[in-house]
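Topology and contacts: notes
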Amino acid sequence: MISLKGQFLVAMPEMGDDRFRDSVIYLVGHGDEGAMGLVVNQGLEDMRFADILEELKIGDKEDIIRLPEDIREREVLRGGPVQRSRGFVLHSPDYFREGNSYSVTEEICLTATLDVLKAIAFKNSPSDALFALGYCGWSPGQLEGEIKGNGWLTVPFSRDLLFETPIAQRYDAALARLGITRASLSSFSGHA
């Protein structure tokens, strides 16, 4: 099996599962034991990074209010339907904590502990990061079956797509990396 870890999945119109309609998922793991990923193009309405900091009591309320607006107002992503109250941060490798951070690729790490939230808020590290609640999971062979069933397209990794492209534009930008548009999408089949 060829691992798709570190690549994107783009939902096809035939997906059939409304939870994944028009979604772009970054795969943090894929192997014989199954797959795990985070939806990176769906924000949670009415929730910002400052809300998470307050809820988890990370920093005093006054400190949170004084944070730069781009940190306070950072979007919180809907990472997936599994463990929706658990937070995950995809980030650049300039922040890595042995035992807490997982290296997905040379360019991307995953951390799911409070220390990374404190670093994002108060230490300007890591340089690139996105925060999601919940994740997507597949049992062994399930993702491969969904790809063969025309549920997903695979898209090679792009740092720009993950961190620079506005969230609402990531689906179309991912398709553009394959040279296709929404209008031409239904004539393509998934590939692994």
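Remember, it's a predicted structure, so these values are computed and weren't measured experimentally. (Residues numbered from 1 in each chain as written. Predicted model: local features only at pLDDT ≥ 70, side-chain atom pairs only at ≥ 80, totals over all residues. Heavy atoms only, no water.)

1. Regarding the nonpolar core
Side chains of nonpolar character tend, in soluble globular proteins, to be buried together. Inclusion rule: To define a nonpolar core, start from buried Ala, Val, Leu, Ile, Met, Phe, Trp, Tyr and Cys residues and group those joined through side-chain atoms within 4.5 Å. In this scheme, a residue with accessible area under 20% of its type's maximum is buried, one over 50% is exposed, and one in between is partly exposed, where area comes from a 1.4 Å probe on protein chains only. Helix numbering and strand numbering both begin at the N terminus, where a helix is a DSSP run of H or I of at least 4 residues and a strand a DSSP run of E of at least 2. By definition, residues are in contact when any of their heavy atoms lie within 4.5 Å.
In terms of nonpolar packing, the biggest core is built from 29 residues, with Phe 8, Val 10, Tyr 26, Val 40, Leu 90, Ile 108 and Leu 162 touching the most fellow members. Elements supplying a minimum of two residues to this core: strand E1 (8–11), strand E2 (24–31), strand E6 (82–91), strand E9 (129–138), strand E10 (152–155), helix H6 (159–164) and helix H7 (170–177). Apart from residues no more than four positions distant in its own chain, Val 40 is found in contact with Phe 8, Val 24, Tyr 26, Leu 77, Leu 90, Leu 130, Leu 162, Ile 167 and Arg 170. Counting 20 residues, the second-largest nonpolar core is a separate cluster that includes Ile 52, Leu 53, Val 76 and Ile 120.

2. Some details on the side chain of Ser 101
Put simply, the rule reads: What qualifies as a polar contact is a pair of N or O atoms within 3.5 Å, subject to a donor-acceptor requirement within protein and to the restriction that residues adjacent in sequence count only when both atoms come from side chains.
Along the chain, Ser 101 falls in strand E7 (residues 101–103). Judged by relative accessible area, Ser 101 falls into the buried class, the value being 10%. Polar contacts involving the side chain of Ser 101 include one to the side chain of Thr 111, which spans 2.7 Å. In contact with Ser 101, other than residues within four places in its own chain, are His 91, Tyr 95, Phe 96, Leu 110 and Thr 111.

3. Quick look at a negative patch on the surface
Under the convention used in this document: What goes into a patch is any residue over 30% in relative accessible area without a salt bridge, connected to like charges within 9 Å or, for nonpolar side chains (Val, Leu, Ile, Met, Phe, Trp, Tyr), within 5 Å. Computed with a 1.4 Å probe, the accessible areas rest on the Shrake-Rupley method; for each residue, only the protein chains presented here act as cover. Salt bridges are defined by distance alone: a side-chain nitrogen of Lys or Arg within 4 Å of a carboxyl oxygen of Asp or Glu. We score Asp and Glu as negative and Lys and Arg as positive, and we do not count His or the chain ends. Every charge is mapped to an atom, namely NZ of Lys, CZ of Arg, CG of Asp or CD of Glu.
On the surface, Glu 45, Asp 46, Asp 51 and Glu 55 cluster together into a negatively charged patch. Residue assignment for the negative patch shows that the elements contributing at least two residues are strand E4 (43–48) and helix H1 (49–55). With respect to the helices, strands and loops of the structure, Glu 45 is situated in strand E4. With a relative accessible area of 72%, Glu 45 lands in the exposed category.

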